[in-house]
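Fold and contact review
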Amino acid sequence: MAKIYSKKELPSSKMLPKKEIISFILNYSKALNIIKIGKHNFEIISN
Amino acid sequence: MATIQIPDALLVKNYIAGDENSLSILINKHQSKIYGFIYSKMPDRDVADDIFQDTFIKVIKTLKSNSYNEEGKFLPWVMRISHNLIVDHFRKNKKMPMLRETEDFSIFSILSDSSPNAECRIITDAIEKDLQKIIQELPDDQKEVLLMRIYQELSFNEIAELTGVSINTALGRMRYALINLRKIIEKNNIVLTN
């Protein structure tokens, strides 16, 4: 029987984003402040 | 140990109220489904990461500006945002196909210029000049009708009126003009082809 050298790539059971991405999102959320003045939203990013 | 599942609506409410940890719980809870959805449409880890990040930036902005009003439907809402961002990504990256010239493939096989080339223009000019010379050989009445019809694009009615003859006479003169043109061309072995 012919040998099959190719290996079927199985999709990984859990697809997750990089840890740095999650960390960035959480830090961004902590830094972001939105102030509503009249009809306008002002975004303030604190360092 | 049993874990307590806090409903999304409550987590969203807490997050809006200032509890940053709620966002972390929401992301941990749904990241696999959201990322899997993005990756299924965009099988590139880096692009999928970017879209995941942009999705949550949008989520954060919407929640923090109190514009969110879909209580209890957090996941489908986030999925919709990521779907829209995927569509935007495809739109932005819709490029013209790039073709390289190889030995087997010439770019000129698919590129064409419909305007006549220099040779064609010279031949057309030569034919025009020859034809004008031949027309000068026609009798005046036939020449007049032919010029009015072909070069001035007048109708036979107009030609009849302008030359003061009946429409049938104008038609007859045109017919004889064409017959005589052919005769001159044949007699002088003139080749008029482009």
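Residues numbered from 1 in each chain as written. Chains lettered and ligands numbered in written order. Predicted model: local features only at pLDDT ≥ 70, side-chain atom pairs only at ≥ 80, totals over all residues.

We now examine the overall build of chain A. Across its full length, chain A holds one helix and two strands. In chain A, the order of α-helices and β-strands from amino to carboxyl end is α-β-β. Within the span of chain A, comprising 47 residues, buried residues form 6% of the whole. (Helix = DSSP H or I, 4+ residues; strand = E, 2+ residues; numbered from the N terminus. Buried ≥ 20, exposed ≤ 12 C-beta atoms within 10 Å, placed from the backbone.)

All names here are of chain A. The buried fraction of strand β2 (residues 40-45) is low, at zero of six residues. The pairing of strand β1 (residues 32-37) with β2 spans six bridges and is classified as antiparallel. Residue I37 lies in a different strand from β2, and its bridge partner there is H40. The antiparallel pairing of β1 with β2 creates a hairpin that spans two residues between the two strands, and G38 there sits at a positive phi of about 65°. (Pairing = 2+ DSSP bridges.)

Another point: the environment of B:R80. Summarising the element assignment, B:R80 is placed in helix α4 (residues 74-92). Sequence-wise, B:R80 and B:I34 are 46 residues apart; in three dimensions their C-alpha atoms are separated by 9.9 Å.

Between its first and last C-alpha atoms helix α5 (residues 118-136) of chain B spans 27 Å; for 19 residues at 1.5 Å apiece the expected length is 27 Å, and the two agree. In terms of burial, α5(B) is largely open, as just zero of its 19 residues are buried. (Expected span 1.5 Å × (residues − 1).)

Across the contact, 17 residues belong to chain A and 18 residues belong to chain B. Only α1 (19-31) and β1 of chain A provide two or more residues apiece to the side of chain A that touches chain B. Counting residues per element, the side of chain A that touches chain B draws most heavily on α1(A), which supplies eight residues. By residue class, the composition of the side of chain A that touches chain B is 11 nonpolar, two polar and four charged. (Contact = placed C-beta atoms within 7 Å. Nonpolar A, V, L, I, M, F, W, Y, C, P; charged D, E, K, R; others polar.)

For the rest of this paragraph, the subject is unusual backbone geometry. All names here are of chain B. Of note, N66 is a non-glycine position whose phi angle comes to about 60°, a positive value. Within the element layout of this structure, N66 appears in the loop between α3 (45-64) and α4. Residue classification places N66 among the exposed residues on the basis of 11 C-beta atoms within 10 Å. Despite not being glycine, E153 shows a phi value in the positive range, around 55°. Tracing the backbone through its elements, the reader meets E153 in the loop between α6 (140-151) and α7 (156-163).

The subject of this paragraph is the nonpolar core. Core analysis: the biggest nonpolar cluster contains 21 residues, and B:I34, B:Y35, B:I38, B:A48, B:I51 and B:F52 have the highest contact counts within it. Contributions of two or more residues to this core are made by α1 (8-16), α2 (20-41), α3 and α4 of chain B. Among the elements that make up this core, the one with the highest residue count is α2(B) (eight residues). With residues near it in sequence (within four places) discarded, B:F52 still touches A:P17, A:I21, B:I34, B:Y35 and B:I38. Counting six residues, the second largest nonpolar core, distinct from the first, contains B:L138, B:L146, B:I159 and B:A170. (Core = buried A, V, L, I, M, F, W, Y, C linked by C-beta atoms within 7 Å.)

We now examine the confidence of the model for chain A. Here chain A averages 80 in pLDDT, and 70% of its residues register 70 or above. The secondary-structure element of chain A with the lowest mean pLDDT is β2(A), recorded at 84, while α1(A) shows the highest, at 94. (pLDDT = per-residue confidence, 0-100.)

Turning next to the confidence of the model for chain B. Segments scoring low in pLDDT should not have their predicted coordinates read at a detailed level. All names here are of chain B. Of all residues in chain B, 94% attain a pLDDT of 70 or more, and the chain-wide mean is 86. Summarising per-element confidence for chain B, the mean pLDDT is lowest in α5 (86) and highest in α3 (94). Per the prediction output, this complex has pTM 0.54; the corresponding ipTM is 0.74.

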